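# Structure at a glance
What follows is each chain in one-letter form.
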Amino acid sequence: MMLMAGCGQKPADEVVEYPVGETVKTEAEKTSVEDNSEYDSEDYGEAAGTLAYISEYQKEGTLSYNKELTIDGMKITYDLSYTIPEEVDRVPTYKVNVVSDNEALEADIVSALFGDTAVPMKDSNAFEYHYEEDYGNFLFAELQKRMSDNWWLEPEDVHYADLDTLSSWIDKTTYYSHIYEGEYNGNTCRLLIFYSEYAKRLYVSLYPKNIGEFIGDTSITQMGCSDISGSLLIGNWDNSRIIDLNGTMSDRSNKADLSDKDISRTIYETFKDVPGMLIPEDQIDLYENIYEGKTFDIKGDSLPVKCECVFYTDKSMQSENFDGAVRNGYAVSVGNTVNGIPIYKPNTPDDIGDYSKEFKGGVVLIDNNGVFGFNLEYAFTIEDVIYDDTPLINIESAVTELNHFYDNVNMEDLYSNVDFIDIDLVYFPLKLDNDSEEEEYELIPTWVIRSQEERYIINAMDGSLIFDIN
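First, a word on what this report is: a plain description of the structure on this page. (Residues numbered from 1 in each chain as written. Predicted model: local features only at pLDDT ≥ 70, side-chain atom pairs only at ≥ 80, totals over all residues. Heavy atoms only, no water.)

### Regarding the overall build of the protein chain
What the protein chain contains, in helices and strands, is 7 helices and 23 strands. Counting the 470 residues in the protein chain, one finds 54% classified as buried. Taking the intrachain contacts of the protein chain between residues at least 6 apart in sequence as the baseline, contacts between residues at least 24 apart amount to 68%. Of the roughly 22,000 Å² of accessible surface on the protein chain, a fraction of 43% belongs to carbon and sulfur atoms. (Helix = DSSP H or I, 4+ residues; strand = E, 2+ residues; numbered from the N terminus. Buried < 20%, exposed > 50% of the residue type's maximum accessible area, 1.4 Å probe, protein only. Contact = heavy atoms within 4.5 Å. Areas by Shrake-Rupley, 256 points an atom, 1.4 Å probe, with all protein chains shown as cover.)

### Details of the pairing of strand β21 (residues 441-451)
Most of β21 is tucked away, with 10 of its 11 residues classed as buried. Bridge count between strand β3 (residues 93-98) and β21: 3 bridges; the pairing is antiparallel. Bridge pairing links Val96 to Tyr441 in β21. Sheet topology places strand β20 (residues 418-431) next to β21; 11 bridges connect them, and they run antiparallel. Directly across from Asp424, in β21, lies its bridge partner Val448. Linkage of β21 to strand β22 (residues 455-459), two consecutive antiparallel strands, is achieved through a turn of 3 residues. (Pairing = 2+ DSSP bridges.)

### Thoughts on the nonpolar core
By size, the foremost hydrophobic cluster in this structure holds 41 residues, and its most contacted members are Tyr78, Ile395, Phe420, Trp447 and Ile449. Once you skip the residues sitting within four places of it in the chain, Ile395 turns out to touch Leu63, Ser64, Tyr65, Leu80, Tyr82, Ile423 and Trp447. Judged by nonpolar contacts, the second largest core, of 37 residues, contains Val99, Ile109, Val204 and Ile263. (Core = buried A, V, L, I, M, F, W, Y, C linked by side-chain atoms within 4.5 Å.)

### Digging into the pairing of β3
In this sheet, strand β19 (residues 380-387) lies alongside β3 in antiparallel orientation, the contact comprising 6 bridges. Its bridge partner being in β19, Asn97 is matched across the sheet by Thr381.

### Thoughts on the environment of Asn289
In this fold, Asn289 is placed in the loop between β12 (284-285) and β13 (307-312). Given a relative accessible area of 6%, Asn289 falls into the buried group.

### Comments concerning helix α2 (residues 103-114)
Compared with the 16 Å implied by 1.5 Å per residue over 12 residues, the 16 Å span of α2 between its first and last C-alpha is a close match. Three or more residues of α2 are buried, namely Leu105, Glu106, Ile109, Val110, Leu113 and Phe114. All buried residues of α2 lie within an arc of 135° about the axis, which places them on one face of the element. Contact partners of the buried residues in α2: β6 (175-184), β7 (187-196), β8 (201-208) and β18 (370-378). Immediately beyond the C-terminal end of α2, within one or two residues, lies Gly115, with a positive phi of roughly 60°. (Expected span 1.5 Å × (residues − 1). Arc of directions from axis to C-beta.)

### Thoughts on the pattern of salt bridges
Per the stated rule, a full pass over the model turns up 18 salt bridges. With its nearest N and O atoms 3.1 Å apart, the salt bridge here joins Asp251 to Arg252. Bridged by salt links that share partners, the residues Arg265, Glu269, Lys272 and Glu281 form one connected network. (Salt bridge = Lys/Arg side-chain N within 4 Å of Asp/Glu carboxyl O.)

### Regarding the packing of aromatic side chains
Within a pair of aromatic rings, the relevant descriptors are the distance that separates the centres and the angle that separates the planes. A full pass over the atoms with the stated rule returns 14 aromatic pairs. When the ring of Phe214 is compared with that of Phe311, the centres are 6.0 Å apart and the planes differ by 45°; the resulting orientation is tilted. Of the two residues, Phe214 is situated in helix α4 (residues 211-215) and Phe311 in strand β13; the sequence distance between them amounts to 97 residues. You can call Phe214 buried: its relative accessible area is 15%. Look at Phe311 and you get buried, because its relative accessible area is 0%. Judged by centre distance (5.8 Å) and plane angle (65°), the rings of Phe420 and Tyr456 are edge-to-face. With Phe420 in strand β20 and Tyr456 in strand β22, the pair connects residues that are 36 residues apart, well separated along the chain. An identical accessibility class is assigned to Phe420 and Tyr456; each is buried. (Phe/Tyr/Trp six-rings, centres within 6.5 Å; stacked < 30°, edge-to-face > 60°.)

Now the structure itself:
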C-alpha cells in the first residue's frame, strides 16, 4: 500500500484467533506454536538461547545495547535503543504469495464485490475526465496516478500528457486496466482493477460513482480525508487551506458512531471472503497516518486521532466555518503495519534487491453502513498464518551477526569508524531459499540496524543477516 508507516496509541482490542498451519514451511521445518510451546533451539542455531516472546520483552519496555569494539584498528560503536509500542502484544508471521497476472482472480474479485450487477466499461470513450464537471471522480484520479508513474509502468508506457482522456478499458502487453460499474453495499460504484507485469503489482480501487448521491446531498461534489492530527487539507496548490476538524467543525461531529473494534471487525469481515484480498485485523491500524510524510499540523504531544472522511461543496471551501461540510466515516490504513509494527518500506527500488519485494497496503473508507470505498495495492496476497506469535532474538544477538559480518570485512575499505545509532523492529517480506519452482515468501519480523551510511536487516527469528544496504 502507498503510505508511510507510523504507530499510534490505540485501545487494546481482543486478540483475533486465526488458523495456524499444522507445519511451518521454512528452511528449518519448525512446528506450529499455536499453544505457545517452546521452540526447538536447534532450529535457531546460535541465537536460540536468546529467544523470547514480545510479551516478555514488553516487561522491560525499552531494549538497549551499548558497546564499542575495535577490529583492525577501526572502531565500531553500538548505541541502540528500542521502545516496544504499547499496542504490540504479539508478533505473527505469514505465508504470502506474489501477485501475478491472473484473469480468474480478477473475475473472482469482481464477482465477490459486485455480484451479477457488474458491467465492464469496455467502451473506449466511456471514461473521460472533465475537471469542472467531474471533480469528484476519485477513481479516475487513481488511474491517472498509475498511468503516470514510472514505478508502475515501463518508460515507454508512461503517460506524461493527455491524462484527461484515458480509456476505461486498457489491455497492453505489460499491464492492463479494467473498470467496472455495479452495485456495492447499496450504492452504485465503480471498481478499478489495474495490474502491472513490470511492477508485479495489483491495484484495486472502489468509490461511489456519485459522491452527492452517496451522501444524500447532490450539491456535494468533493470528499477529503483528514490526517492523524485532525487536520484536513482542501483546495489545490494555488489556493489551499487547512481545516481543523475539532476547531472549525467542532459543532458537527462525525455521523459514523463506530467503535474501534467495530471498524476493525467490519473491515476484516468485508474482505475475508474476497479472493486475494484478505486483510487480517493485525494489519488494520486506525491511528496510522494515511498520508506519506509528515502530518499537516500535528499538535504537540497529543495522541493521534482517527483519519476522518469529510464531504463538502465548492461553497464550503470559500466559507470561513466550512459551512455545508459533513463529517461521515473514517479512512483507515491497512497493510502497512502488523500489530503496530511497521512493514519495511525501501527508500528506492534498488533497496529491495533479490531478497524481497515491497509489501504495500492501502486505505479503506467506512461509515455506519460498512465499507464504501478503498484503494488497495498488492505485491503479495496473504495465504496463511504460520505462527500466531513468534519468539524473537534480542538486540545483542542481532548485533552478534553484524560483528561476524565485520570480521570478514577488509577494514581498510572503510572510510571511517562505524557508529550504529538506530534500531527498529520491522516486518520484511523474505524470499525463501528453497528448491520450489515458484517464488515463495514469508512476512517475518526483522531487526533493522542503521548507521549514518548503512542499514542492515537481520532476521529476528534466527539472527541471520538478510542483507545490507549502503
